[in-house]
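Residue strings, one per chain:
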Amino acid sequence: MSLETLHQDLDQAEQAALASVEQAGDSAAMDRLRPEVMGKKSPIRQLMKMLGGLSADERPEAGRVINEAQARVEAAFAAKDAAMKEAALNQRLETERIDVTLPGAFPLPLGALHPLTQTLNEIVRIFTAMGYDTATGPEVETEHYNFDALNFAPNHPARDSHDSFYLPGGGLLRTHTSPVQIRYMQNHKPPIQIIAPGRTFRVDDVDATHSPVFHQVEGLLVDENVSLAHLNGTLTAFARAMFGSDLATRFRASYFPFVEPGAEMDVQCWECGGKGTGCRVCKSSGWVEILGAGLVHPNVLKSVGLDPQKVSGFAFGMGVERIAMLRYGISSIRNFYENDVRFLRQFA
Ligand code: PHE
């Protein structure tokens, strides 16, 4: 064995190793190649065995060239391996690119305000623009606030239309928002100008326009020299803002114990357009009552310590459901509570 033969074998082995590195086409091929070109048993390292056949002064030189050849092959392998990994990564980055500006795959469905809430908001908006503050009161009331302080005599038939749900211990679910009038006047001095929206309850059979749970907005204005003309002007302005001037309104004399004189305001029926024949919404009358109103009864003012000779006021109470039905042309109050999305979606 001569140094020259070793050089030839080494050269061949290196060329072969470099060629197979060169030819490896994918990372699987590289993985197969790795033990062969990099391992202890690589053909180049195998040549170390030949050192024994060389003379002592030839050995260091021979060992060095073998190591250098192995190092070149390993460097070539490592370079190719790195290049292939980088190319694979770039390709992934290219194909798997995430466009963070695209909308999500499962957009969250956006809810919408219930038509009653929208209507209530609109009522509040209109009165707020006229200078009214908003007040609230409890849904569980006492007979005192729901009836007595509002001038309902203990056995007056007016209580019949306000049949309520009574709770153990004497409370009842309020049948209207009028108790808020009393509560507010107990804590505030005139001038008073409030609306009081809220939920109200009555023992009523469900039909196209009645529900045992419904909503009202109360109004109360107390000041000096308040007259029916102020009431009329205020409610007419409200009706115009709410419905436009397409539907006619009318006032009818009516009775509520806590006002004198009392009135009801009707709006032309939205279902039959006021014709009234065989219409279940207006019960063939052509008109639908939307609110009660009147001048605050002197007894009510007295019950909260106000002097009816010095101050006067008007009050009104309207049903939010009826106003919403009128506004949207809805023919049954049941639609509001069934939560059928096909109905609700129309108001989104
Ligand atoms: N509270 C009355 C009702 O629910 C409505 C009303 C309010 C009437 C204010 C007059 C004044 O029937």
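Residues numbered from 1 in each chain as written. Predicted model: local features only at pLDDT ≥ 70, side-chain atom pairs only at ≥ 80, totals over all residues. Heavy atoms only, no water.

Novice: What's the story with the overall build of the protein chain in this structure? I'm lost.
Specialist: Looking only at helices and strands, the protein chain features twelve helices and nine strands. In terms of overall dimensions, the protein chain is more spread out than a globule: its C-alpha atoms have a radius of gyration of 45 Å, far above the 20 Å expected for 348 residues. Reported as C-alpha extents along the three principal axes, the dimensions of the protein chain are approximately 135 × 50 × 40 Å. Across the 348 residues of the protein chain, 41% fall into the buried class. Residue pairs in contact within the protein chain that sit at least 24 positions apart in sequence constitute 68% of those at least 6 positions apart. Accessible surface computed for the protein chain: about 19,000 Å², of which carbon and sulfur atoms make up 53%. Within the protein chain, the 42 negative side-chain charges are centred at a point lying 3 Å from the centre of the 33 positive side-chain charges. (Helix = DSSP H or I, 4+ residues; strand = E, 2+ residues; numbered from the N terminus. Rg over C-alpha atoms; globule rule 2.2 N^0.38 Å. Buried < 20%, exposed > 50% of the residue type's maximum accessible area, 1.4 Å probe, protein only. Contact = heavy atoms within 4.5 Å. Areas by Shrake-Rupley, 256 points an atom, 1.4 Å probe, with all protein chains shown as cover. Lys, Arg positive; Asp, Glu negative; His and termini not counted. Charge placed at Lys NZ, Arg CZ, Asp CG, Glu CD.)

Novice: In this structure, what is going on with the pairing of strand β4 (residues 192-201)? I would like to understand it.
Specialist: Strand residues, when the strand is regular, have side chains that alternate between the two faces of the sheet. Most of β4 sits inside the fold, with eight of its ten residues counted as buried. For strand β1 (residues 133-134) and β4, the ladder comprises two bridges, and the chain directions are parallel. Along β4, the bridge assignment pairs T134 with I195. Note: β4 against strand β5 (residues 213-223), ten bridges, orientation antiparallel. Residue pairing across strands places Q193 opposite L221, the latter belonging to β5. (Pairing = 2+ DSSP bridges.)

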